[in-house]
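# Structural overview for review
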Amino acid sequence: MESWRVYHCSFADGRHLNEDSGRLPQLASKGVKWIIFHEDWSLIQNYGMAWSEEKFKKLVHDCHKAGIKVMTYFGYEYSTLAPDWHENAENNLVKTTDGQYTGGWQRKPHQRAFMVCYHGRYNDKMLERITYVMDEYKVDGIYIDSGFVPWECANEKHGCGYRDEKGQLHTTFPMMAVREHFKKMYEIVHARGGVIDAHNSACCVTPTLGFADTLLDAENVQSNYREGLDKFIDLDAFRAEYMGYPMGMPDHFLVSTGDGKFSLSRLAAIPLLHNVYPRPINTIGHMEDELDYMSGLWKLYDEIDAVHAQWHPYWEKDSAVASLTENVYVSWFENKDRILLLAVRLGEDTGIPAKIRLPEGYTPQSGYQVEQQELSVTVAPYTPVYIKLEKQR
């Protein structure tokens, strides 16, 4: 939790961070530990070629000087600007059963980026480029967009697909090829003291994710989640996928405020209730409001030393802290004689204050009404409410 305090930005925004003499120190003062440069940092999609090598090296150096580590984007595509495109495209790409490439997004500078299959020959080149980026640019980690997904493929040139007794071609899922690819990448990155941040959505398969350090999930549900929240992702579903426990790694929950139409506080309520950091991603411009909100959370968690505190989830049986009000949920951190509790109301506002049972001997900060160890507090729908408790001396 301490290390994964991320400013995830487009390179169009991030490339100038070190040109403003106060910007990097400002980010550091707000608690940013990592900057992730999104896909436009590379001249060629998923190739790891900086627009200006000297300027990028200087940017990474200046980030390090400010106490901030740097991670760069790689992903799941193969670009028409790749030097070996004409030689290897037929072998490297995902193909459908009718022989079509998939993807084909337009990128800048002008190029088409099609989905790569890691059963093809691009594996070695990608690993070579990642080695180069870490050794030459001195970055500290690699962000992988959707690469850990074993995309279905029918490209017989590299061994995907199969034909039935009638000769009909069908797709296969290159699970083991993807696993071996990231096993090699894991060794390369970790040998250099780095980490791998996997961004998958709805495809959480441990044979591949076993070679990542962290997971960023939920891009695929953002539109529905913003509108429906727990009506779209119920709490059991959140626990199953978005906490990272089944995959054995920390999970971040991607949040998109829809160009400011939705508040980060509202979207963060359910992830925070599960001790999962929301991660806003800035790929279109500045996100100062989101960064300020996250900075406040980081400082609050530092006060309780959440990294070393005991976390108690809302579903814990016989918990010393518990909600006594329907549709109000409480999770909490405990560290020696201090408690930080989080209350979240799901559903409509009833206009009735929430009741929360407190442990014996603990009192909240001033401004709260407590009777017989029951705290009364207003909890608006989908608005995280943090309350600090201290043990009486």
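Structure: above.
These lines cover the structure that appears in this document, whether it is placed above or below. (Residues numbered from 1 in each chain as written. Predicted model: local features only at pLDDT ≥ 70, side-chain atom pairs only at ≥ 80, totals over all residues. Heavy atoms only, no water.)

This part covers the overall build of the protein. Each helix and strand in the protein was counted, giving eleven helices and 22 strands. For the protein, the C-alpha atoms occupy an extent of roughly 75 × 60 × 40 Å along the three principal directions. Burial analysis of the protein (393 residues in total) assigns 55% to the buried set. Taking as baseline every contact in the protein between residues at least 6 positions apart, the subset at least 24 positions apart corresponds to 67%. For the protein, the exposed area adds up to about 18000 Å²; of that, 47% sits on carbon and sulfur atoms. Computed over 41 positive and 55 negative side-chain charges, the separation of the two mean positions in the protein equals 3 Å. (Helix = DSSP H or I, 4+ residues; strand = E, 2+ residues; numbered from the N terminus. Buried < 20%, exposed > 50% of the residue type's maximum accessible area, 1.4 Å probe, protein only. Contact = heavy atoms within 4.5 Å. Areas by Shrake-Rupley, 256 points an atom, 1.4 Å probe, with all protein chains shown as cover. Lys, Arg positive; Asp, Glu negative; His and termini not counted. Charge placed at Lys NZ, Arg CZ, Asp CG, Glu CD.)

Before going further, it helps to examine the nonpolar core. Most often, soluble globular proteins keep nonpolar side chains buried together rather than apart. Judged by nonpolar contacts, the single largest core of 108 residues is most densely connected at Ile35, Phe37, Trp41 and Phe56. Look past the residues within four positions of Phe56 in its chain and what remains in contact with it is Phe11, Phe37, Trp41, Ala50, Thr72, Tyr137 and Val139. The next biggest cluster of nonpolar side chains, apart from the first, holds 17 residues, and it includes Leu341, Ala343, Ile387 and Leu389. (Core = buried A, V, L, I, M, F, W, Y, C linked by side-chain atoms within 4.5 Å.)

Let us look at the environment of Cys203. Turning to its location among the elements, Cys203 is positioned in the loop between strand 10 (195-199) and helix 7 (206-209). Between the C-alpha atom of Cys203 and that of Val149, which follows or precedes it by 54 residues, the distance is 6.4 Å. Ignoring anything within four residues of it in the chain, the contact list for Cys203 reads Val149, Pro150 and Leu209.

In a pair of packed helices, the angle between the axes and the distance between the axes together describe the arrangement. Running from N to C, helix 5 (residues 122-136) and helix 6 (residues 175-191) cross one another at 20°; their axes reach a closest spacing of 10 Å. Judged by the angle between their axes, helix 5 and helix 6 are roughly parallel. For the pair helix 5 and helix 6, the crossing hand works out as right-handed. Side by side, helix 5 and helix 6 meet where Asn123, Met126, Leu127, Ile130, Thr131 and Met134 of the first sit next to Ala177, His181, Lys184, Met185, Ile188 and Val189 of the second. (Axes fitted to C-alpha atoms, helices over the stretch in contact; angles between N-to-C directions. Parallel < 35°, antiparallel > 145°, perpendicular 65-115°, else oblique. Left-handed = near helix turned anticlockwise from the far one by under 90°.)

For the rest of this paragraph, the subject is the side chain of Ser376. Looking at where Ser376 falls in the secondary structure, it is placed in strand 21 (residues 374-377). Setting aside anything within four residues of it in sequence, one finds Ser376 in contact with Pro353, Ala354, Lys355, Tyr368 and Gln369.

The next point concerns the sheet that holds strand 5 (residues 103-107). Taken in spatial order, the three strands line up as 4-6-5 in an open sheet, and their pairing is antiparallel. If you trace the sheet from one side to the other, it starts and ends with strand 4 (77-79) and strand 5, each paired once. The sheet shows a mean angle of 30° between the axes of neighbouring strands, taken without regard to direction. Two strands pair when backbone bridges link them, and strand 4 and strand 6 (residues 111-115) are joined in this way by three bridges, in the antiparallel orientation. (Pairing = 2+ DSSP bridges.)

A large share of helix 10 (residues 264-273) lies buried, amounting to nine of its ten residues. Of the residues one or two after helix 10, Asn275 is the one with positive phi, at around 60°.

Turning to the pairing of strand 21, a few remarks are in order. Across four bridges, the pairing between strand 18 (residues 354-357) and strand 21 is antiparallel. By the bridge assignment for strand 21, Ile356 is matched with Leu375. Sheet topology note: the strand 20 (residues 369-371)/strand 21 ladder contains three bridges and is antiparallel. Each residue of the ladder has a partner; that of Gln369, found in strand 21, is Ser376. Count of turn residues in the strand 20/strand 21 antiparallel hairpin: two residues, of which Gln372 carries a positive phi of about 50°.

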